[in-house]
Amino acid sequence: MAGLSTRHLLGIKYITRDDINLIFETADNFKEVLNRPIKKVPSLRDITIANLFFENSTRTRMSFELAEKRLAADVVNFSASNSSVKKGETLLDTVNNILSMKVDMVVMRHPVPGAPVFLSKHINAKIINAGDGIHEHPTQALLDAYSMREQLGDLEGKKICIFGDILHSRVALSNVFCLQKLGAKVRVCGPPTLIPKHYAKLGVEISYNVKDSLKWCDVANILRIQLERQDIKFFPSLREYSTYFGINKQLLDEIGKKIVIMHPGPINRGVEITSDVADLEGHSIILKQVENGVAVRMAILYQLAQMD
Amino acid sequence: MKKESRTVLSHPRFELTIDRLCHQLLENHHDFSNACLISIQPRGTLFAERIYQRLAELTDLSGVSKGKLDVTFYRDDFRKGKAPLIPNKNEMNFLIEDKDVILIDDVLYTGRTIRAALTALQHYGRPKSVELLVLVDRRFNRHLPIQPDYVGLTIDSVDEAHIKVDWAETQEEDKILLYSRKEDI
């Protein structure tokens with residue numbers, strides 16, 4: 001069997017359905033590894049990976065670091081807040097300095113969309129995009145799709161609705177690309193101000209009605225309102241947002257069908273989702289998403305490390 | 001180009017070989033009370049299944065654990081081969097602490113797969129002993145100091161040659177083929 005069609009993971013846009021399936025099959029193997037008494041394999045023992053986080057992150061960063069360590073790679077961490085970036089160093093200089101210490105792979109989160117693509121054209125190491133501004137977050141999309149596949153089987157023809165702040169969400173865009181490549185039907189739902197017009201061109205259904213969308217979907221992937229990226233007001237108040245677009249238990253009970261509830265985190269409880277929905281047993285797979293994140297990231301690192 | 005291959009073992013010697021190996025195992029393990037059978041994925045599993053079926057006819061194997069070990073993540077040619085390494089399914093739902101492990105593979109060639117398997121086994125506990133059972137031993141092609149305990153057939157061949165084991169379950173019949181070059185397959 002052949003490997004991946006790419007040597008970087010810059011976005012879901014740049015990979016194929018076969019790549020996604022190969023990552024999922026490999027993730028199945030790593031999920032088994034993570035359930036063993038000793039959760040570590042020596043595959044990447046001669047690989048050094050730099051985690052460059054120019055933007056805050058808890059989950060993604062820990063998940064990557066665990067994945068790297070469980071593959072026995074050497075890991076160096078970097079965060080922009082306490083580095084020479086503050087002294088005026090350019091991205092290319094920073095990364096080239098790190099690479100001259102013989103680093104093979106770079107996992108990067110950056111606030112500027114396209115930063116990983118730019119980097120991939122100028123440096124020799126393999127790059128994994130861990131989120132670039134409001135553009136893409138490919139590993140999150142892969143672990144979301146992997147978690148859905150675990151619940152529903154093949155995603156061909158399945159209905160998935162993404163709720164919330166679509167405009168500022170890199171998770172939404174990567175999810176759309178990934179789910180469409182796997183043959184699922186995708187809808188986005190939120191206030192009109194938070195749904196960009198170009199989504200219609202992606203072949204995605206657009207809805208402004210939460211109840212109608214919940215009735216339609218098999219999976220509800222609920223996103224956070226990204227206040228830190230909103231420099232103007234997109235809706236009058238959080239309370240109004242949660243009244244009209246928040247998902248609560250009463251709404252789910254009225255629908256009366258089983259919907260898989262997902263959230264990429266961090267959750268703003270009481271805003272986009274209430275606590276009783278976020279913790280709803282049998283529906284919510286939010287913590288499973290986090291668990292699968294490590295296995296999926298191990299699969300991505302393992303497959304990319306093998307490419308020339 | 002004509003495929004150059006030669007059958008070195010087929011019916012009825014093939015079944016007799018498996019029979020003999022099972023009797024050798026019986027001699028050393030008596031009632032198999034402390035033994036477990038672990039095959040190496042992917043090609044050792046069909047062979048191990050045959051051994052298990054024949055052994056079950058000869059003795060009670062109800063308490064014996066069976067596992068399938070995938071060694072892909074432990075191989076020493078990661079990033080060194082031409083094709084990417086794709087893992088197989090690993091099925092090990094027991095620990096091997098203080099067990100007598102019988103490791104099973106079809107062809108023993110350089111010994112590198114067995115080296116990887118021994119590392120992988122460490123993750124499931126500290127076995128009392130590990131024995132190696134192979135259908136074919138290419139004894140002059142070893143890269144590492146690894147020797148089998150039970151051998152179906154010993155073949156002395158040059159490095160370029162390739163051994164292929166066909167199973168009735170996946171191919172038409174049980175047989176062992178010797179190709180003069182790997183490209184001929």
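Thresholds, definitions, all that
- Residues numbered from 1 in each chain as written.
- Chains lettered and ligands numbered in written order.
- Predicted model: local features only at pLDDT ≥ 70, side-chain atom pairs only at ≥ 80, totals over all residues.
- Heavy atoms only, no water.
- Helix = DSSP H or I, 4+ residues; strand = E, 2+ residues; numbered from the N terminus.
- Buried < 20%, exposed > 50% of the residue type's maximum accessible area, 1.4 Å probe, protein only.
- Expected span 1.5 Å × (residues − 1).
- Bend = angle between axes of the 7 residues up to and from the residue.
- Domains from an automatic or database assignment.
- Contact = heavy atoms within 4.5 Å.
- Buried area = accessible area lost by both parts, 1.4 Å probe.
- Salt bridge = Lys/Arg side-chain N within 4 Å of Asp/Glu carboxyl O.
- Core = buried A, V, L, I, M, F, W, Y, C linked by side-chain atoms within 4.5 Å.

We now examine the overall build of chain B. Tallying secondary structure elements over chain B gives 3 helices and 8 strands in all. In chain B, the succession of α and β elements from N to C terminus is β-α-β-α-β-β-α-β-β-β-β. Principal axes of the C-alpha set define a box for chain B whose edges measure 50 × 40 × 30 Å. Counting only residues that meet the buried cut, chain B has 49% of its 185 residues in that class.

Below, the discussion takes up helix H11 (residues 286-305) of chain A. One turn of an α-helix holds 3.6 residues; hence residues three or four places apart share an orientation. An ideal rise of 1.5 Å per residue puts 28 Å on 20 residues; H11(A) measures up with 29 Å between its terminal C-alpha atoms. Where H11(A) bends most, the angle comes to about 30°, and this point is A:Asn292.

All names here are of chain A. If you check the domain split of chain A, you get domain 1 (12-136 + 290-305) and domain 2 (138-285). Every contact between the two is made by 29 residues of domain 1 and, on the other side, 27 residues of domain 2. For the domain 1 and domain 2 pair, buried surface summed over both sides reaches about 2,500 Å², with 59% attributable to carbon and sulfur atoms. It is Ile12, Arg17 and Phe24 that lose the most area in domain 1 upon contact with domain 2, and together they represent 27% of the buried surface on that side. The shortest N-O distance in the salt bridge between Glu55 and Arg170 comes to 3.0 Å. Counting residues per element, the ones that place at least two in the side of domain 1 that touches domain 2 are helix H1 (17-34), helix H2 (59-70), strand S4 (126-132) and H11.

This brings us to the nonpolar core. Grouped together as the largest cluster of nonpolar side chains are 89 residues, with contacts concentrated most on A:Phe30, A:Leu44, A:Ile128, A:Leu142, B:Ile38, B:Leu69 and B:Ile96. Here this core spans two domains, and each of domain 1 (12-136 + 290-305) and domain 2 (138-285) of chain A adds at least three residues to it. Setting aside anything within four residues of it in sequence, one finds A:Leu44 in contact with A:Ile49, A:Leu71, A:Ala72, A:Ala73, A:Leu301, A:Tyr302, A:Ala305 and B:Phe78. One finds B:Ala48, B:Val136, B:Trp167 and B:Ile176 within the second-largest nonpolar core, a separate group that totals 33 residues.

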